Amino acid sequence: NHDNTLAAIRAHEPKMILITYPFVLEMVERLREEGSLDRNIPIVYVPTDYGEDYYFTHALAGAATMSFSPSPQWTAKAVSNGISPDKLLTTGMPTNPSVNVVLTSEQVSALRVKYGISSGIPAIFLGGGSGGLGRFDQMVQSLVQEFRHQPIQIVIATGGRKESHDKAVAATRGVPSNVQV
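Quick notes on the rules
- Residues numbered from 1 in each chain as written.
- Predicted model: local features only at pLDDT ≥ 70, side-chain atom pairs only at ≥ 80, totals over all residues.
- Heavy atoms only, no water.
- Phe/Tyr/Trp six-rings, centres within 6.5 Å; stacked < 30°, edge-to-face > 60°.
- Helix = DSSP H or I, 4+ residues; strand = E, 2+ residues; numbered from the N terminus.
- Buried < 20%, exposed > 50% of the residue type's maximum accessible area, 1.4 Å probe, protein only.
- Patch = residues over 30% accessible without salt bridge, like charges linked within 9 Å, V, L, I, M, F, W, Y side chains within 5 Å.
- Areas by Shrake-Rupley, 256 points an atom, 1.4 Å probe, with all protein chains shown as cover.
- Salt bridge = Lys/Arg side-chain N within 4 Å of Asp/Glu carboxyl O.
- Pairing = 2+ DSSP bridges.
- Axes fitted to C-alpha atoms, helices over the stretch in contact; angles between N-to-C directions.
- Contact = heavy atoms within 4.5 Å.

Draft legend 1. Representation of the packing of aromatic side chains. Enumeration according to the criterion identifies one aromatic pair in this entry. For the ring pair Y45 and W74, a centre distance of 6.5 Å and an interplane angle of 50 degrees mean the geometry is tilted. Of this pair, Y45 sits in strand β2 (residues 43–45) while W74 sits in helix α4 (residues 72–80), placing them 29 residues apart in sequence. Residue W74 is classed as buried on the basis of its relative accessible area, which comes to 0%.

The following block contains the structure:
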């Protein structure tokens with residue numbers, strides 16, 4: 001919340017604020033606008049999504065002193081939305097080197113067997129941060145509608161929260177036979 005964010009910033013007296021979560025960036029920008037936060041503290045935005053919609057490439061990127069762009073397309077969209085190119089640095093998506101693992105075809109086959117994923121049928125992965133994703137019902141129904149004439153597989157990562165798992169299970173009840181979850 002607004003007050004907790006301001007209290008955390010003031011407690012740490014940062015020389016720079018690095019933000020990866022869009023809603024925190026929005027809160028920090030509001031704090032600056034109302035004068036609660038020093039405008040001289042640089043705000044760096046590192047998007048962790050390739051999404052190029054207006055909210056991410058205009059409103060958020062404009063609020064930051066500098067934005068690291070996940071792709072040239074994201075940068076181009078931000079510039080077309082009025083963000084100054086000198087506030088953008090195209091770096092690619094930041095990743096932890098430990099997740100950049102190349103698997104052998106045997107390892108991929110073993111994982112398919114372990115998780116019941118068929119080869120030759122498109123598989124769609126839904127995943128989010130440690131809390132998983134929220135609106136599984138809408139996402140699953142949208143995918144079912146979009147791919148209603150072909151078989152698909154939906155793999156859902158729910159993070160560590162039982163509530164997310166239960167929502168995902170509920171969202172998949174009653175899906176048509178061409179959809180494997």
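Draft legend 2. Up close: a nonpolar patch on the surface. A contiguous nonpolar surface patch, about 450 Å² in accessible area, is contributed by V101, L103, V108, L111 and Y115. Here L111 shows up in helix α5 (residues 105–115). The class of L111 is partly exposed, set by a relative accessible area of 37%.

Draft legend 3. The arrangement of the environment of G120 in detail. Turning to its location among the elements, G120 is positioned in the loop between α5 and β5 (123–126). Sequence separation of G120 and P151 is 31 residues, and the distance between their C-alpha atoms is 9.8 Å.

Draft legend 4. Representation of the sheet that holds β2 within the structure. The four strands lie next to each other as β1-β2-β3-β4, forming an open sheet whose pairing is parallel. Two strands in the sheet have a free side with no partner beyond their single neighbour: β1 (17–19) and β4 (88–90). Each strand of the sheet is rotated relative to its neighbour by a mean of 20 degrees, with strand direction disregarded. In terms of strand pairing, strand β3 (residues 66–69) meets β4 through three bridges, oriented parallel. Bridging from a neighbouring strand, S67 pairs with L88 of β4. The strands touched by helix α2 (residues 22–33) within the sheet are β1 and β2, with β2 carrying the most contacts at an inclination of about 155 degrees.

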